[in-house]
Amino acid sequence: MVEKYFQEDALSPYKKNYKWKLVVAFVFLAILALIVYTAFFDGYRLTGDVISVNVTDSNLISFDAELTTPSLELDGNFEKVRIGGNLESIYVGSQKFSLLDLSNSYVLIENYDGKIYFNNKNISKLNGKADNVVVNGVPVSSESGKKTKVYFEKASDYDSLEIEETAFINKLSYMASGKITLKNGRNNFEIHDEEVIISKFQGDLKSEKNELKLDGHISKLEILGDTDISVGG
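Residues numbered from 1 in each chain as written. Predicted model: local features only at pLDDT ≥ 70, side-chain atom pairs only at ≥ 80, totals over all residues. Heavy atoms only, no water.

(A) Examining the pattern of salt bridges more closely. Evaluation of the coordinates by the stated rule reveals eight salt bridges. One salt bridge in this structure joins Lys206 and Glu208, with 3.4 Å as the shortest N-O distance. Since its relative accessible area comes to 25%, Lys206 is described here as partly exposed. On the basis of relative accessible area, Glu208 is assigned to the partly exposed category, the value being 31%. Residue Lys213 pairs with Glu208 through a salt bridge whose shortest N-O separation is 3.9 Å. Taking the relative accessible area as the measure of exposure, Lys213 reaches 30% and is therefore partly exposed. When salt bridges with common partners are traced through the structure, they connect Lys206, Glu208, Glu211 and Lys213 into a single cluster. (Salt bridge = Lys/Arg side-chain N within 4 Å of Asp/Glu carboxyl O. Buried < 20%, exposed > 50% of the residue type's maximum accessible area, 1.4 Å probe, protein only.)

(B) Seen up close, the side chain of Glu194. By secondary structure assignment, the location of Glu194 is in strand β12 (residues 187-208). No salt bridge forms around the buried Glu194; measuring N to O, its nearest opposite-charge neighbour Lys179 is 15 Å away. Side-chain polar atoms of Glu194 contact the backbone nitrogen of Thr227, separated by 2.7 Å. Residues in contact with Glu194, not counting those within four places in the same chain, are Tyr174, Met175, Ala176, Ile223, Leu224, Gly225, Asp226, Thr227 and Asp228. (Helix = DSSP H or I, 4+ residues; strand = E, 2+ residues; numbered from the N terminus. Lys, Arg positive; Asp, Glu negative; His and termini not counted. Polar contact = N/O pair within 3.5 Å; in protein donor to acceptor, adjacent residues only side chain to side chain. Contact = heavy atoms within 4.5 Å.)

(C) Just the pairing of strand β14 (residues 220-224), in detail. By the alternation rule, side chains of β14 split into Leu221 and Ile223, which are all buried, and Lys220, Glu222 and Leu224, of which none is buried. Once β14 ends, the chain turns through four residues before running back antiparallel as strand β15 (residues 229-232), passing Gly225 with a positive phi of about 150°. (Pairing = 2+ DSSP bridges.)

(D) Main features of the environment of Glu222. Positionally, Glu222 belongs in strand β14. On the basis of relative accessible area, Glu222 is assigned to the partly exposed category, the value being 22%. Along the backbone, Glu222 and Ser173 are 49 residues apart, and their C-alpha atoms lie at a distance of 9.2 Å. Apart from residues no more than four positions distant in its own chain, Glu222 is found in contact with Glu195, Val196, Ile197, Ile229 and Ser230.

This is a description of form; function is not addressed.
Printed below as a string of structure tokens:
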């Protein structure tokens, strides 16, 4: 007697788990192919540039630099501004905080909207509004709950100025010395008295008198001099 052969005895597309097996197999092969691809092609990575780049502009280049401090005029919205040093005074709303008697003062300004002009010697202008201000550990806020006016009456010396996350520099061009790292460490440059042109920087900024630290992304970098390079477009 000939045994009957039923379709269910074979691996059939009608079998319940068959479709799930196909999905799992496809996902596994896709992941394997991606791993092989990234191992041989450095231009694309699962982590690093792809994740850290601003989602609104995939052409931005990761950028880290320690350079001599130029004269900068920033105007915008900043999440956090930290200022430390032998400050003279600061106005918060209608209150003036004299800091002359202190050898070292610390000011934290949160959600600041305004101007910050500085160079390697002083902060020549600080004028804007903020949600919260902390002076030497003491919170100072507006009674109305609205943004409070914050400003320096005149230029003030400083030891450190730090802007987190939202510093934006449309274009910076000056003679500089220091070191620059691009693409999460893949390209490194030591420069000495060369013209540096940085376009559309966005990220963290910290100035400690004669050293400016930048950590974020740019659209283009040019170094004119002995290094003579151009990256981005």
